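# Understanding the architecture of this molecule
So you can see what is in the structure, the chains are spelled out below.
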Amino acid sequence: MSFTSVDPATPRLQRSELAVPGSNAALFEKASKSSADIVFLDLEDAVAPDDKAQARKNIVQALNEIDWGGKTMMVRINGLDTHYMYRDVIDIVEACARLDMILIPKVGVAADVYAVDMLVTQVETAARRTKHIGFEVLIETALGMANVETIAQSSKRLEAMSFGVADYAASTRARTTVIGGVNKDSGVLTDKDEEGKRQFHWTDPWHAAQTRMLIACRAYGLRPIDGPFGDFNDPEGFRAAAHRAAVLGYEGKWAIHPSQIALCNEVFTPSAAEITKARRILEAMEQAARDGRGAVSLDGRLIDYASIRMAEALLQKANSMETRAT
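Residues numbered from 1 in each chain as written. Predicted model: local features only at pLDDT ≥ 70, side-chain atom pairs only at ≥ 80, totals over all residues. Heavy atoms only, no water.

To continue, consider the nonpolar core. Residues L41, L63, W68 and M161 are the most contacted members of the largest nonpolar core, which totals 68 residues. Among the nonpolar cores identified, the runner-up in size contains 14 residues, and A284, A288, A311 and L315 belong to it. (Core = buried A, V, L, I, M, F, W, Y, C linked by side-chain atoms within 4.5 Å. Buried < 20%, exposed > 50% of the residue type's maximum accessible area, 1.4 Å probe, protein only.)

Below you can see the structure in the form of structure tokens.
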């Protein structure tokens, strides 16, 4: 390992992140009873300008009066380029002891996070809050992706990053059809075979961006979270998108409809087979240590101390899920 060490962010279970418009208070109770790990009450894109003041009041009331159980509660504030943002922070942080995190949209540079941190810190101090509020930032513009590494180091409050595919596609002028989906024109053509035929294989247009954000997160101790999949009537498409993110190393995904919560939890929960394999790896390495060996073979494959770290990370995640279920 490098001599430079990075402390991991506050650990939280974040397989599923349910988005709930702050202007639709009728959805709050249902969200509180859902199986989502995180609920974020939205003041930004899901709320029309004329409804933002009332949505803010709705959220303050909901955070103070509804029993949210063990969920992590987060609010997506409006962007720094709007006149709504400062009041979002002041009114909600001052009044809502139940608030755990703030989701900052369209972060482009590290100074954006610094600005919100400064404001939150002053409100926390003035209100004598004892709970330290964490941040999640949305990387959803070309500017944000270009600065993702410095953004990842911008604040000690920062815990997670989400990849906002819809606004990112608009920012980069990408040709997209479904939010978070693929495009039939994104692919590669094989060489001709003996019969002169060629095959077309689809590719993932978001892979490079997701990977870059993932690396920034893992380098600086943050949780990488995949953003929305727009077609909530396509569970197979959602599951495929979630699996692509999970394979890369993402910890969770947004749910923009209650039907997507179970899919998130399913994909981002280690399977029984994975847990069993991880335990066998640790047992094999413990035996190797007793025998004075640094590496050992398991099921015909080499495992070493890197295998231990991967197995321990998977079991730690599984244990946190078991704790949440009890």
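More follows now that the structure is in view.
For the rest of this paragraph, the subject is the side chain of E17. Turning to its location among the elements, E17 is positioned in strand 1 (residues 16–21). Of note is the side chain of E17, whose polar atom sits 3.0 Å from the side chain of W254. Beyond its immediate chain neighbours, meaning those up to four positions away, E17 contacts I38, F40, M74, L103, E136, S162, I225, K253, W254 and A255. (Helix = DSSP H or I, 4+ residues; strand = E, 2+ residues; numbered from the N terminus. Polar contact = N/O pair within 3.5 Å; in protein donor to acceptor, adjacent residues only side chain to side chain. Contact = heavy atoms within 4.5 Å.)

This part covers the layout of surface pockets. The computed volume of the largest pocket comes to approximately 1500 Å³. Along the wall of the largest pocket there are 42 residues; nearest its centre are R218, E251, A313, L314 and K317. Put simply, the parts of the chain that give the lining of the largest pocket at least two residues each are helix 8 (207–219), helix 9 (235–248), helix 10 (261–267), helix 11 (272–290), strand 12 (301–303) and helix 12 (305–325). Broken down by element, the residue count for the lining of the largest pocket peaks at eight residues, all from helix 12. (1 Å grid on protein atoms, 1.4 Å probe; cavity = no way out; pocket = protein on both sides within 12 Å on 5 of 7 lines; lining within 4 Å. Points joined across faces, edges and corners; volume = space filled by probe spheres on them.)

If you walk around this closed barrel you meet the eight strands as 1-2-3-4-5-6-9-10, and the pairing is parallel. Between one strand axis and the next, the sheet turns by 25 degrees as a mean value, whatever way the strands run. Of the strands in this sheet, strand 4 (101–104) and strand 5 (134–139) touch helix 4 (residues 110–127), which is tilted by about 155 degrees from strand 5. (Pairing = 2+ DSSP bridges. Axes fitted to C-alpha atoms, helices over the stretch in contact; angles between N-to-C directions.)

Side chains that differ in sign of charge can pair as their charged atoms come close. Under the definition given, this model contains 22 salt bridges. R157 is the salt-bridge partner of D117, the closest N and O atoms lying 2.8 Å from each other. Separated by 40 residues along the polypeptide, D117 in helix 4 and R157 in the loop between helix 6 (148–151) and strand 6 (158–163) bring together distant segments of the chain. Ionic pairing is found between D204 and R244, a salt bridge with its closest N-O pair at 3.2 Å. Of this pair, D204 sits in the loop between strand 8 (200–202) and helix 8 while R244 sits in helix 9, and the two are 40 residues apart along the sequence. Note on R244: relative accessible area 29%, which makes it partly exposed. (Salt bridge = Lys/Arg side-chain N within 4 Å of Asp/Glu carboxyl O.)

Our next topic: the pairing of strand 6. Buried residues dominate strand 6, accounting for six of its six residues. Note that strand 5 and strand 6 share five bridges and pair parallel. Bridging across to strand 6, L138 finds its partner in S162. As paired strands, strand 6 and strand 9 (residues 223–226) are joined by four bridges and run parallel to one another. Bridged to F163 within strand 9 is D226.

What follows is about the pairing of strand 10 (residues 252–255). As paired elements, strand 1 and strand 10 share three bridges and run parallel to each other. Among the inter-strand pairings, E17 is bridged to a residue of strand 10, identified as W254. Looking at chain direction, strand 9 and strand 10 are connected through two bridges and run parallel. Its bridge partner being in strand 10, I225 is matched across the sheet by G252. For the crossover that starts at strand 9, traverses helix 9 and ends in the parallel strand 10, the hand is right-handed. (Right-handed = clockwise from strand over helix to strand, strands pointing away.)

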